[in-house]
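Each chain, letter by letter, is given below.
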Amino acid sequence: MMPSPISFILPLKILQSMITSSTAVAKLAGELEWNAASAYTVGQIVVRTDFGGRRVQNLIAGTNANKPEDDKERWYDLGVTGPLTMFDSEVSSQPMAPNALTVVFRPGAFNAMHLAGLDGLSLTIIVKEAPNGAEVYRFDGSLEDTEPADYYEYYFSPYKPKTEFLVTELAPFANCEVTITISNPGSVARCGMASLGDQVSLGGPAMRGAKVKPKSYNKIATDKQGKTSISKGKTARDISIRAQVPIAEAADVVDAVEQVNGIPCTWIGSDLPNLR
């Protein structure tokens, strides 16, 4: 069977007015507002309401009056956790909720959905043709990605979480309602990104030689005494992929790619599950 052409999801812009309900919280129990006079331990998380409600994590124990947003060596920015951050195209900004994160929204017509940065034990997605209308799509499944090759791995291999979910070829409905629930009983449920939109084909399958490279933005510094410190940063993936496109469709492909210039989006290199 021939693989499908390379494609991408042209993402819809989700506005606050489209979100009808969400269990996302701005902070977890025990997380306090940052205070210049307080002493903090390494790993402690505080909230900066005056800086857009961002959560920051302390990297150096002690007291320091410098604002966290002005002292990147001491504080690591964890981002904002409100419901809209689920749609900001940045996986590292995760809305969160104790036990279960549920978001109900009305995005308009779409035929593909990609979720990333999932943190939970199970995922439920319900798409209705309209609010209070008939269900046109439902997924209920575990967020475990362990695939043991034999009995030894079945019993002794470590748990591997599934952090991404992709579904395509959905029937579009202009007035649809979507409910996404990530369940994580006894812990915190999170979702880094939800991208919904039109799946745009580039007309040709991927060629051999595709490359994916992890990218780290950690800062590593060594002082004059030889002591090395690492400041945690965000991570990303660089991807390099080529497609074989019929010459008659080349202009259309260029036009399609220009639609997402400067726009973070989901790229689908193959319809094979292990190559998406």
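Residues numbered from 1 in each chain as written. Predicted model: local features only at pLDDT ≥ 70, side-chain atom pairs only at ≥ 80, totals over all residues. Heavy atoms only, no water.

Caption draft 1: Local environment of the sheet that holds strand β15 (residues 193-201). Read across the open sheet, the 5 strands follow the order β13-β10-β15-β1-β20; overall the sheet is antiparallel. Of all the strands in the sheet, the pair left with one neighbour each is β13 (165-167) and β20 (266-268). Put simply, the sheet's adjacent strands are angled 30° from each other on average, direction ignored. Relative to β15, strand β1 (residues 7-11) is paired through 5 bridges, and the arrangement is antiparallel. Looking at the pairing, F8 lines up with V200 of β15. (Pairing = 2+ DSSP bridges. Helix = DSSP H or I, 4+ residues; strand = E, 2+ residues; numbered from the N terminus. Axes fitted to C-alpha atoms, helices over the stretch in contact; angles between N-to-C directions.)

Caption draft 2: Structural context of unusual backbone geometry. A positive phi is found at N132, a non-glycine position, where the angle reads about 65°. Of note, N132 is situated in the loop between β11 (122-128) and β12 (135-142). Take N132: its relative accessible area is 77%, and that puts it in the exposed class. Although it is not a glycine, E169 adopts a positive phi angle of roughly 60°. Looking at the secondary structure, you find E169 in the loop between β13 and β14 (177-190). The class of E169 is exposed, set by a relative accessible area of 75%. (Buried < 20%, exposed > 50% of the residue type's maximum accessible area, 1.4 Å probe, protein only.)

Caption draft 3: Representation of a nonpolar patch on the surface within the structure. On the surface, Y151, Y152, Y154, Y155 and F156 cluster together into a nonpolar patch covering about 790 Å² of accessible area. By secondary structure assignment, the location of Y154 is in helix α1 (residues 151-156). For Y154, a relative accessible area of 57% gives the class exposed. (Patch = residues over 30% accessible without salt bridge, like charges linked within 9 Å, V, L, I, M, F, W, Y side chains within 5 Å. Areas by Shrake-Rupley, 256 points an atom, 1.4 Å probe, with all protein chains shown as cover. Salt bridge = Lys/Arg side-chain N within 4 Å of Asp/Glu carboxyl O.)

Caption draft 4: Region of the structure containing the pairing of strand β10 (residues 112-116). Summarising burial for β10: 5 of the 5 residues are buried, a large majority. Burial along β10 is two-sided: the face carrying A112, H114 and A116 and the face carrying M113 and L115 are both buried. Note: β10 against β15, 5 bridges, orientation antiparallel. Each bridged residue has a counterpart across the sheet, and for A112 the counterpart in β15 is G197. Where β10 meets β13, 3 bridges bridge the pair, whose relative direction is antiparallel. Its bridge partner being in β13, L115 is matched across the sheet by F165.

Caption draft 5: Examining the packing of aromatic side chains more closely. One pass over the full model with this rule turns up 4 aromatic pairs. When the centroid spacing of 5.5 Å and the interplanar angle of 75° are considered together, the rings of Y40 and W75 count as edge-to-face. Here Y40 is found in strand β4 (residues 39-40), whereas its partner W75 is found in strand β8 (residues 75-79), with 35 residues between them in sequence. You'll find Y40 and W75 in the same group, each marked buried. (Phe/Tyr/Trp six-rings, centres within 6.5 Å; stacked < 30°, edge-to-face > 60°.)

Caption draft 6: Looking closely at the pairing of strand β6 (residues 54-58). Of the pairings in the sheet, the one linking strand β5 (residues 45-48) to β6 comprises 4 bridges and is antiparallel in character. Paired with I45 across the strands is Q57, a residue of β6. Both β6 and β8 contribute to a ladder of 4 bridges, which runs antiparallel. Within β8, the position partnered with Q57 by the bridge is Y76.

Caption draft 7: Just the pattern of salt bridges, in detail. Taken as a whole and judged by the stated rule, the model has 9 salt bridges. Measuring nitrogen to oxygen at the nearest pair gives 2.8 Å for the salt bridge that ties R54 to D77. Within this pair, whereas R54 is found in strand β6, its partner D77 is found in strand β8, the two being separated by 23 residues in sequence. Residues joined by salt bridges that share partners form a network here, namely E135, R138 and D140.

Caption draft 8: Quick peek at the nonpolar core. If you look at the biggest cluster of nonpolar residues, it comprises 29 residues, and the most contacted ones within it are F87, M113, L115, L123, V178, I180 and I182. Counting residues in hydrophobic clusters, the runner-up holds 7 residues, among them I6, V200, A256 and V260. (Core = buried A, V, L, I, M, F, W, Y, C linked by side-chain atoms within 4.5 Å.)

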